[in-house]
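# Structure assessment
The primary structure of each chain is shown beneath.
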Amino acid sequence: MSVDYKFEGWMGDDVSSSEGKMVWREFQPKPWEETDVDIKVTHSGICGSDLHTLRSGWGATEYPCVVGHEIVGIAVRVGSKAEGDIKVGDVVGVGAQNDACLGRDGPCNTCNAGLPQYCPHGVNTYNARHRNNGKSYGGYALYHRAPSHFVIKIPNGVAPENAAPLMCGGITVYSPLKYHGAGPGKKVGIVGVGGLGHFAVLFAKAFGVDEVVGISRKEIKRADAINLGCDDYIATSDDVDWVKKNSERFDLIISTVSSDDMPFNEYLALLTHKGTLVQVGAPEAPISLKPFSLIYGRKNVTGSGIGSPDEIRDMLQLAADKQIKPWVEKRPMRDANQAIIDLDAGRPRFRYVLVNDW
């Protein structure tokens, strides 16, 4: 079956593409399978992962690459074997994962447990290869092709510009908050009041935790943190006594920062006995961890990555029910190069979303 649309997008050809040198051109999506869905992209969130990938910060990128894994648009082609009840014309989204083995290659503990995001054969939405060896290209584009298992219907009540950044940024913090029992009776610290951290504040408040505290370097972010819903704010660079003042304060800390010089051991000092720090930000270099930071207090350090399709559906429904609205600034798709430059400079408050105007 031929289609009357072309797959075109912002192509990164080398490391310099992260400096605003992506090039708009046509690309070949993965070969069509009857389990697939084609999506006309209307909105694509800009994630820090896009920059890390464009500059090969997490390892060598397979160029050329179209980034963008916070995709929302209209289903324009639905395969005869597509999962779920997706129909042509539905508003749908795709996050950071495009495929997994789903038990097709034999026993897979994570897929069998309903956690395909941890599948050892998982396929990223960009800079990866599908099972049929087709390259995965992301959402800085006119169209996107994805296996239907990872295509999510957007519920009524969630605007597409709000849904897009939830598909990666939102689920990255929603999943560990829920898994680690954020709710009444808990005190939660959010390290990094930014693109990821602001989602964590919104969801922690929606879960009804007793206290949500933003933790960042500079006092200048206090007003934003309080306006988001934080009950308090800690400025680590502007208060020499921040560790002493907040010792053993939190049951749970979500660290969203991607800096390799973060004061990680000091963050651990803020945990209660048996408290947990979840690292979701991914620095490009190692960080320092002193064992005694864990030993005293029997403290826990763990990580978390995105979420399953079912978790994404639950998150989107919570966003609809609670009217959770991320802080979003819409940018034209044609201005994607400038938008990633602005992201790298730390200008968004707190999330850029590209809107297709072509």
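Given the structure is predicted, the values throughout are model-derived calculations rather than measurements.

Conventions adopted
Residues numbered from 1 in each chain as written. Predicted model: local features only at pLDDT ≥ 70, side-chain atom pairs only at ≥ 80, totals over all residues. Heavy atoms only, no water. 1 Å grid on protein atoms, 1.4 Å probe; cavity = no way out; pocket = protein on both sides within 12 Å on 5 of 7 lines; lining within 4 Å. Points joined across faces, edges and corners; volume = space filled by probe spheres on them. Helix = DSSP H or I, 4+ residues; strand = E, 2+ residues; numbered from the N terminus. Nonpolar A, V, L, I, M, F, W, Y, C, P; charged D, E, K, R; others polar. Domains from an automatic or database assignment. Contact = heavy atoms within 4.5 Å. Buried area = accessible area lost by both parts, 1.4 Å probe. Salt bridge = Lys/Arg side-chain N within 4 Å of Asp/Glu carboxyl O. Polar contact = N/O pair within 3.5 Å; in protein donor to acceptor, adjacent residues only side chain to side chain. UniProt positions renumbered as here; feature names shortened; annotations may be inferred. Pairing = 2+ DSSP bridges. Axes fitted to C-alpha atoms, helices over the stretch in contact; angles between N-to-C directions. Core = buried A, V, L, I, M, F, W, Y, C linked by side-chain atoms within 4.5 Å. Buried < 20%, exposed > 50% of the residue type's maximum accessible area, 1.4 Å probe, protein only. Patch = residues over 30% accessible without salt bridge, like charges linked within 9 Å, V, L, I, M, F, W, Y side chains within 5 Å. Areas by Shrake-Rupley, 256 points an atom, 1.4 Å probe, with all protein chains shown as cover.

### Observations regarding the layout of surface pockets
Empty space within the second largest pocket amounts to approximately 200 Å³. Residue lining of the second largest pocket: 14 residues in total, with Asp85, Val151, Ile152, Lys153 and Arg313 positioned closest to the centre. The set of elements that each furnish at least two residues to the lining of the second largest pocket consists of β9 (152–153) and α9 (309–322). Broken down by element, the residue count for the lining of the second largest pocket peaks at 4 residues, all from α9. Tallied by class, residues from the lining of the second largest pocket come to 6 nonpolar, 4 polar and 4 charged.

### Let's talk about the domain arrangement of the chain
How big an interface is tends to be stated in terms of accessible area lost as the parts join. For the chain, the assigned domains are domain 1 (8–168 + 326–355) and domain 2 (170–303). Contacts between domain 1 and domain 2 engage 13 residues on the former and 19 residues on the latter. Carbon and sulfur atoms make up 58% of the area that domain 1 and domain 2 hide from each other, which totals about 1300 Å². Applying the counting rule to domain 1 against domain 2 returns 2 salt bridges. Among the ionic pairs, Asp224 bridges to Arg349, the shortest N-O distance being 3.5 Å. At the junction of domain 1 with domain 2, the criterion picks out 12 residue pairs in polar contact (both at pLDDT 80 or more). Tallying contributions element by element places helix α3 (residues 160–179) first for the side of domain 1 that touches domain 2, with 4 residues. Residue composition of the side of domain 1 that touches domain 2, grouped by class: 8 nonpolar, 2 polar and 3 charged.

### Concerning the UniProt feature "domain: Enoyl reductase (ER)" (unreviewed entry) in the chain
Under the UniProt annotation, "domain: Enoyl reductase (ER)" (unreviewed entry) lies at residues 20–354. Between the C-alpha atoms that bound residues 20–354 there is a distance of 15 Å. The span itself is 25% helix and 24% strand.

### Quick notes on the sheet that holds strand β10 (residues 187–191)
Ordered in space as β12-β11-β10-β13-β14-β15, the 6 strands form an open sheet in which the pairing is parallel. The open sheet has two free edges, formed respectively by β12 (232–235) and β15 (300–303), since each of these has just one partner strand. Neighbour to neighbour, the strand axes of the sheet diverge by 20 degrees on average, direction disregarded. Strand direction decides the pairing type here: β10 and strand β11 (residues 211–216), joined by 5 bridges, are parallel. The partner of Ile190 across the bridge, within β11, is Gly214. α3 contacts β10, β13 (250–255) and β14 (271–279) of the sheet and is inclined by roughly 160 degrees relative to β13.

### So, the nonpolar core
Where a protein is soluble and globular, its nonpolar side chains tend to be buried together. With 49 residues, the main nonpolar core has Leu166, Leu177, Phe203, Ile254, Met315 and Leu316 as its most contacted residues. Elements that contribute at least two residues to this core include exactly α3, β10, α4 (197–206), α5 (222–228), β12, β13 and α9. For this core, the element with the highest residue contribution is α3, accounting for 9 residues. Taken together, domain 1 (8–168 + 326–355) and domain 2 (170–303) each give at least three residues to this core, which thus spans both. Not counting chain neighbours up to four residues away, the residues in contact with Leu177 comprise Ala182, Val188, Ala200, Phe203, Ala204, Phe207, Leu252 and Ile254.

### Structural notes on the environment of Gly181
Following the sequence through the fold, Gly181 ends up in the loop between α3 and β10. On the basis of relative accessible area, Gly181 is assigned to the partly exposed category, the value being 34%. Spatially, the C-alpha atom of Gly181 lies 9.9 Å from that of Asp251, the residues being 70 residues apart in sequence.

### Focus: a nonpolar patch on the surface
A grouping of Phe292, Ile295 and Tyr296 is seen on the molecular surface, where their side chains present a nonpolar patch of about 390 Å² in accessible area. Given the relative accessible area of 59%, Tyr296 is considered exposed.

### Considering empty space enclosed by the protein
Under the definition given, this model contains 2 cavities of 30 Å³ or more. The space that makes up the largest cavity amounts to roughly 90 Å³. Gly95, Ala96, Gln97, Phe150, Ile152, Met167, Ile171, Ile306, Gly307, Ser308, Pro309 and Ile312 are the residues that line the largest cavity. When its residues are assigned to classes, the lining of the largest cavity shows 8 nonpolar, 4 polar and no charged. The calculated volume of the second largest cavity comes to roughly 50 Å³. If you go around the second largest cavity, the residues you meet are Phe7, Phe27, Pro29, Lys30, His130, Lys135, Ser136, Tyr137, His144 and Arg145. The residue makeup of the lining of the second largest cavity, split by class, is 4 nonpolar, 3 polar and 3 charged.

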